[in-house]
Amino acid sequence: MMQLRDPGVVMTPDALGALQPTRFSASRTLITRMVQERWVISRAEFTIDAAGQGNARYHVAVNDDWSFEFVVFSNAPKEGVERTDRIIGSHWDMMGALIEGAAGDERIEQTKRELPKLYGGRAAPGTLIWCRANRSMRAFDLTVEALSRGEQPPARVLGAVCYLMRNTGLDGNGTFGTRSFAAYEADHPLRTPYHAQMLTSYLMREFSLDLAEHMAAAQGPDAVGLSPEFRRFLGLGNASGLGLVLFAKNHPQMVDRWITLRESSLAEARDMVLAADSPELDRLDSLLERAVSYKAKDRMRYTFQPAAQLVSSELAELRSRLAALREISGEPGNLLDSIYQEATDFTSETQEILCALLMELLPAPQNMPSLITVEEHAPASPATPAGELLDVIAKDYGWATSVDLDDPSALHFGWYKSANAEEPRRGPLKDLPTVFDDMTLDLPEKLQQLVPLLRDMDPATTAGSVARQFPEYRVTIERLLALRDTAYHTVRANTRDEHFNPAHIIRLFNSAFYGLDKTKEDGPVGVVGVLFHGAPTPAEIASGSGQDWLFPAEPED
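Chains are numbered independently. Their residues run from 1 in the order of the written sequence. The predicted origin of the model limits local features to residues at a pLDDT of at least 70 and limits the giving and counting of side-chain atom pairs to 80 or more, whereas totals for whole chains, interfaces and linings rest on all residues. Excluded from the side-chain calculations are hydrogens and water; all other atoms, namely the structure's heavy atoms, are used.

Asker: I'd like a rundown of the overall build of the chain, residues and numbers included.
Answerer: Under the scheme used here, helices are H or I runs from DSSP no shorter than 4 residues and strands are E runs no shorter than 2 residues, and both carry numbers assigned from the N terminus. Along the chain, the regular secondary structure elements total 22 helices and 11 strands. Using C-alpha atoms as the atom set, the radius of gyration is obtained and then compared with a globule rule of 2.2 Å times the number of residues to the power 0.38. For a compact globule of 557 residues, the expected C-alpha radius of gyration is about 24 Å, and the chain comes in at 25 Å, within 12% of that figure. For the chain, the spread of C-alpha atoms along the three principal axes comes to 85 × 65 × 50 Å. In the chain, which comprises 557 residues, the share counted as buried stands at 56%. Working definition: with a 1.4 Å probe on protein chains only, accessible area under 20% of the residue-type maximum means buried, over 50% means exposed, and in between means partly exposed.

Below, the structure is given as structure tokens:
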């Protein structure tokens, strides 16, 4: 089989930031399951006034054993009240909860009472997710106005935004008393990581579209609903921040599993032997055609990644090269690897779009939950000799031991949690207290201090003895040992460095892991994007259709 790509190439911030949504991304795997099993989503309640104030409830029927309800509390924007994306806010245009089974009056009332308290609140039993969202005022209002006149909204405006509401928080896995993911039953429909969050996001998207139609209908008898094309095209906006950099630090086994799965699939695709007239190459050509058009109409202004127009032109050139390869090929061969090699002439963004498309040509993976779910409590053997520790460091952490810590920019930032905002932050060390709760994964400094100590010891000295003698290195030693049999576990960067760009790692989670489209850096400390951009409607899911939603076409004006 084709060799997997070198972790030294894949695990740099620039490379990770270029990874694209794939069939393994959480939003994609959820929709695949929903379509295959034909989940039925229905509106059980929608008592909301013309201004958008009131309650709604959605029912999700999975099978005879499982169902969920999404409870929504909708608010009209208040004049003079700040609407914020941050956890410390006090007003959002909607708040909601995903609850197992029928919500019932008691759980709904508890949710309505407790949700606004956030950190002071307590979720009702069986609650999986709490969420919040705000309207994108211009896009939302334009849509309501157009629909009320009997028209569809202007695609030229909505195509630049691609959503009517943006998510400002998804809290689960034990937060606020929600059910812990580890407690989900073996047959739980949301047993795949992040599927509970993704189902909530999908329902938030549906609510935003339903709310716009409802408010338009309240303005006059000529109102119409959104076209099926718009209902597929519009997703849910999302913004993410520095917390995902610390998440990558704290969940290396999960990072390794997701990227290993991705890299293994890419190698499998490149290894395929195909004839020039194979249907797989027809499919690749069709996907490239869609990608060219999609990027050509992408109005996002990117900061740290290439302009969409450049990517579109590179994809068009790549499509031409694919056609040329098919023309000259004789016997069946590794044509997918050939086109992969052709892509090395282009930007990493274009290369990784191609990689994502190559994976689309493989048979659908089976049992996705077992593929993606990983045990994150790998034991670290305290009996490991110090000599082996040195071997691990030399093999996997040369990038860290070679960082020039004497460079004035190398030890610039510290990472911590804001006491006021309850959010991760980074700040110049010179501006931070002498003693603070330092949350930095500081492998370059720790390893450069640890290596000389290990070299001065008897190579047979155990790791446990080293940790007892030098407790300040215990966490580092345990991490080295727990990850020694994995390859794609750690971002190869000095996160203290003044020039380290967190946006690349935030984008990794948003694009590759969660499956957001049009992910754009909001400065170096944030990323915005769109969830379920092009995803099938509830009616399509119930009918078992709409699985192919890559690169959605923009509706015509």
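Asker: Break down the sheet that holds strand 2 (residues 54–61) for me, with residues and values.
Answerer: Two strands pair under a simple rule: DSSP has to find at least two bridges between them. Strand order in the open sheet formed by 9 strands is 1-2-3-4-5-6-7-11-10, with mixed pairing between adjacent strands. Where the open sheet ends on each side, the last strands, each with one partner, are strand 1 (40–48) and strand 10 (517–521). With direction set aside, neighbouring strand axes in the sheet form an average angle of 25°. Sheet analysis places strand 4 (residues 94–100) next to strand 5 (residues 127–135), joined by 6 bridges and oriented antiparallel. Residue glycine 96 lies in a different strand from strand 5, and its bridge partner there is cysteine 131. Contacts were defined at the residue level, with two residues in contact if any of their heavy atoms lie within 4.5 Å. Here, axes are lines fitted to C-alpha atoms. For helices the fit covers the stretch in contact, and angles between N-to-C directions go from 0 to 180 degrees. Sitting on the sheet, helix 7 (residues 195–217) is in contact with strand 1, strand 2, strand 3 (67–74), strand 4, strand 5, strand 6 (163–172), strand 7 (235–240) and strand 11 (527–531), with an inclination near 145° to strand 6.

Asker: Lay out the layout of surface pockets with the relevant residues and their values.
Answerer: Two kinds of site are reported from a 1 Å grid over the protein atoms alone, namely cavities, where a 1.4 Å probe fits but cannot get out, and pockets, open sets with protein on both sides within 12 Å along at least five of seven lines, and residues are called lining when an atom falls within 4 Å of a point. Grid points are joined across faces, edges and corners, and a volume is the space filled by probe spheres set on the points. In this model, the second largest pocket occupies a volume close to 540 Å³. Around the second largest pocket, the lining is made up of 22 residues, and of these Thr32, Gln36, Ala364, Pro365 and Gln547 lie nearest the centre. Contributions of two or more residues to the lining of the second largest pocket are made by helix 3 (26–37) and helix 15 (368–372). Its residues placed into classes, the lining of the second largest pocket shows 7 nonpolar, 8 polar and 7 charged. In this classification, Asp, Glu, Lys and Arg are treated as charged, Ala, Val, Leu, Ile, Met, Phe, Trp, Tyr, Cys and Pro as nonpolar, and every other residue, Gly included, as polar.

Asker: A description of the pattern of salt bridges should follow, citing residues and the corresponding values.
Answerer: Any carboxyl oxygen of Asp or Glu within 4 Å of a side-chain nitrogen of Lys or Arg constitutes a salt bridge here. In this structure the tally under the stated criterion is 40 salt bridges. In this structure, arginine 43 engages aspartate 210 in a salt bridge whose closest nitrogen and oxygen atoms are separated by 3.7 Å. Of this pair, arginine 43 sits in strand 1 while aspartate 210 sits in helix 7, and the two are 167 residues apart along the sequence. Taking relative accessible area as the criterion, arginine 43 reaches 46% and is therefore assigned partly exposed. Judged by its relative accessible area of 9%, aspartate 210 is buried. A single network of salt bridges, built from pairs that share partners, joins Arg43, Arg205, Glu206, Asp210, Glu213 and Arg231.

Asker: Describe empty space enclosed by the protein, with residues and values.
Answerer: Within this structure, the stated rule accounts for 4 cavities of 30 Å³ or more. If you add up the space inside the largest cavity, you get close to 290 Å³. Along its surface, the largest cavity is lined by 25 residues, and Gln20, Pro21, Tyr294, Asp517 and Phe551 are the ones closest to its centre. For the lining of the largest cavity, the leading source of residues is helix 14 (residues 348–359), giving 4 residues. In terms of residue class, the lining of the largest cavity is built from 11 nonpolar, 7 polar and 7 charged. Its boundaries defined by the atoms lining it, the second largest cavity holds a volume of some 150 Å³. Of all the elements, helix 9 (residues 243–250) adds the most residues to the lining of the second largest cavity, at 4 residues.

Asker: Explain the pairing of strand 3 to me, and be specific about the residues and the numbers.
Answerer: Across the 8 residues that make up strand 3, a large majority, 7, are buried. Examined bridge by bridge, strand 2 and strand 3 share 8 bridges and lie antiparallel to one another. When the sheet's bridge partners are listed, alanine 56 is paired in strand 3 with valine 72. What sits between strand 2 and strand 3 in their antiparallel hairpin is a turn of 5 residues. Looking at chain direction, strand 3 and strand 4 are connected through 7 bridges and run antiparallel. Looking at strand 4, one finds that phenylalanine 73 is bridged to methionine 95.

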